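Inside the fold
Chain residues, written in single-letter form:
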Amino acid sequence: MTDISTKTLSLQEVRELAKSVLVAAGMDDTGSDMIAEIVVKSERDGPRSHGLRMLPVYAQSFTSGYANPAAHPTFERIAPGVLRGDADNGYYQIAAAAARDELIAMARENGIAAFTCANSHHLGALRFDTEPLADAGLVALAVVNSLSMVVPQGGVRPVFGTNPMSFACPRDGMEPIVWDQASSTVALMDIRMAAAEGHDLPRPAGLAPDGQPSADPNAILETRSLLPFGEHKGAAIAFLIEVMGAALAGGTLSVDNAEREAHGALNVKGGATLIAIDPTRFGNAGFNDYVTRICSEIEGNGTARIPGDGRLKNRAASQAEGVSISTELLTQLQDLR
């Protein structure tokens with residue numbers, strides 16, 4: 001592994017650095033605050049590949065003219081339980097935050113509600129869209145399709161994006177259970193980080209130029225052909241997300257990349273769907289007890305852990321000690337300010 005020179009930053013320093021890069025790229029005050037907070041939370045909780053390393057990609061999407069740095073999303077309630085959004089060619093997270101209060105109210109009114117959004121960009125972890133709903137006592141599921149780079153099982157060319165999903169639910173007396181994951185074996189930014197840090201991936205995660213599975217991040221970046229997790233099972237999940245994301249929302253399919261290619265951007269204007277469920281309206285007064293029991297069967301069960309709980313340990317350490325950033329990345333980000 002290549003030796004990497006690093007510097008430790010406090011979370012406040014991360015926030016200030018992220019904000020300055022986003023403002024320099026043309027982002028308005030509200031949007032830059034929101035995306036900077038997502039960068040901070042990614043550095044704090046992990047995966048850190050979605051934190052400061054994502055900033056140059058955000059900046060490029062604005063400076064190239066691909067994304068709108070001062071977007072004003074609009075919304076329309078088209079059914080009692082369906083809120084449809086247009087992100088004004090801005091980032092989905094901004095639209096989702098603006099829609100959150102209405103979505104929560106709809107879920108409490110109907111028991112279940114969905115927010116679907118197109119004309120949007122998405123980078124970073126989806127859990128930052130589901131966690132606030134769990135904090136409000138709701139169960140949440142989010143999906144978004146992304147730039148095509150995942151090969152279906154047995155295929156030779158990408159069809160799906162890494163197509164992530166996130167789940168969150170309240171946990172009695174504790175932080176909510178929150179997880180997210182890509183449909184690929186490894187997320188693209190984790191592959192880029194491994195290449196930057198000079199080490200192989202833990203397992204084959206994509207195709208090399210000879211068409212064979214490889215753990216070499218540079219070989220995978222050359223082909224941009226990632227493997228789905230769990231072979232055909234991950235490919236099926238990626239298909240589901242393509243339908244629930246792009247097709248329901250009317251977003252761009254992962255394979256339709258002409259506009260993205262014209263701007264040299266690293267994301268596609270896909271579609272996203274966020275579903276909120278109020279467990280108090282589903283007839284089981286013991287919902288919290290069920291969740292507690294499920295968790296109790298995992299805790300102390302060998303080295304198993306409740307999905308997503310690793311982020312809580314990362315959070316405590318980062319808040320106390322700050323985060324270690326490569327000086328090479330810091331130099332790159334300073335040049336963008």
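That block above? That's the structure.
Residues numbered from 1 in each chain as written. Predicted model: local features only at pLDDT ≥ 70, side-chain atom pairs only at ≥ 80, totals over all residues. Heavy atoms only, no water.

1. A few points about helix α1 (residues 11-24)
- Helix length check: α1, at 14 residues, gives a terminal C-alpha distance of 20 Å against a target of 20 Å (1.5 Å per residue), a fit within 8%.
- Looking at α1, one finds that the buried residues are Leu11, Val14, Leu17, Ala18, Lys19, Ser20, Val21 and Leu22.
- Where α1 is buried, its residues touch β1 (6-9), α2 (29-45), α3 (55-63), α11 (310-321), β11 (323-326) and α12 (327-336).
- Where α1 ends, the next residue or the one after it, Gly26, has phi of about 105°, a positive value. (Helix = DSSP H or I, 4+ residues; strand = E, 2+ residues; numbered from the N terminus. Expected span 1.5 Å × (residues − 1). Buried < 20%, exposed > 50% of the residue type's maximum accessible area, 1.4 Å probe, protein only. Contact = heavy atoms within 4.5 Å.)

2. Focus on the environment of His50
- Here His50 lies in the loop between α2 and α3.
- Distance in space between the C-alpha atoms of His50 and Ile38 is 8.7 Å, their sequence separation being twelve residues.
- Not counting chain neighbours up to four residues away, the residues in contact with His50 comprise Ser42, Gly124, Ala125 and Ala187.
- Side chain to side chain, His50 and Ser49 meet in a polar contact 3.1 Å long. (Polar contact = N/O pair within 3.5 Å; in protein donor to acceptor, adjacent residues only side chain to side chain.)

3. Let's talk about the packing of α1 against α12
- One can describe the packing of α1 onto α12 by two numbers: an axis separation of 8 Å at closest approach and a directional angle of 40°. Viewed along their axes, α1 and α12 adopt a mutual orientation that is oblique. Note that α1 runs across α12; the crossing there is left-handed. Between α1 and α12, the contacting residues are Leu17, Val21 and Ala24 on the first element and Leu330, Leu333, Gln334 and Leu336 on the second.
- Partitioning the contact of α1 with α12 into residue classes produces six nonpolar, one polar and no charged. (Axes fitted to C-alpha atoms, helices over the stretch in contact; angles between N-to-C directions. Parallel < 35°, antiparallel > 145°, perpendicular 65-115°, else oblique. Left-handed = near helix turned anticlockwise from the far one by under 90°. Nonpolar A, V, L, I, M, F, W, Y, C, P; charged D, E, K, R; others polar.)

4. What to know about the side chain of Thr162
- By the secondary structure assignment, Thr162 is in the loop between β5 (139-144) and β6 (165-171).
- The exposure class assigned to Thr162 is buried, which follows from its relative accessible area of 13%.
- Residues within four places of Thr162 in sequence aside, it is in contact with Ser146, Leu147, Met149, Val150, Ala182, Ser183, Ser184, Leu188 and Leu226.

5. Quick look at the sheet that holds strand β2 (residues 74-79)
- The strand order across the open sheet built from seven strands is β2-β3-β4-β10-β5-β6-β7, with neighbouring strands paired in mixed fashion. Every other strand in the sheet has two partners, leaving β2 and β7 (174-181) as the edge strands with one partner each. Here the average twist between neighbouring strands, direction ignored, is 15°.
- Where β5 meets β6, four bridges bridge the pair, whose relative direction is antiparallel. Across the sheet, the residue bridging to Leu141 is Phe167, located in β6.
- In the packing of helix α4 (residues 92-110) onto the sheet, contacts are made with β2, β3 (82-91), β4 (112-121) and β10 (272-277), and the angle to β4 comes to roughly 165°. (Pairing = 2+ DSSP bridges.)

6. So, the packing of α4 against helix α5 (residues 127-135)
- Interaxial distance between α4 and α5 falls to 10 Å at its minimum, and their mutual angle equals 20°. Considering the angle they form, α4 stands roughly parallel to α5. In this structure, α4 crosses over α5, and the sense of that crossing is right-handed. Along its contact with α4, which presents Tyr92, Gln93, Ala96, Arg100, Leu103 and Ile104, the element α5 presents Phe128, Asp129, Pro132 and Leu133.

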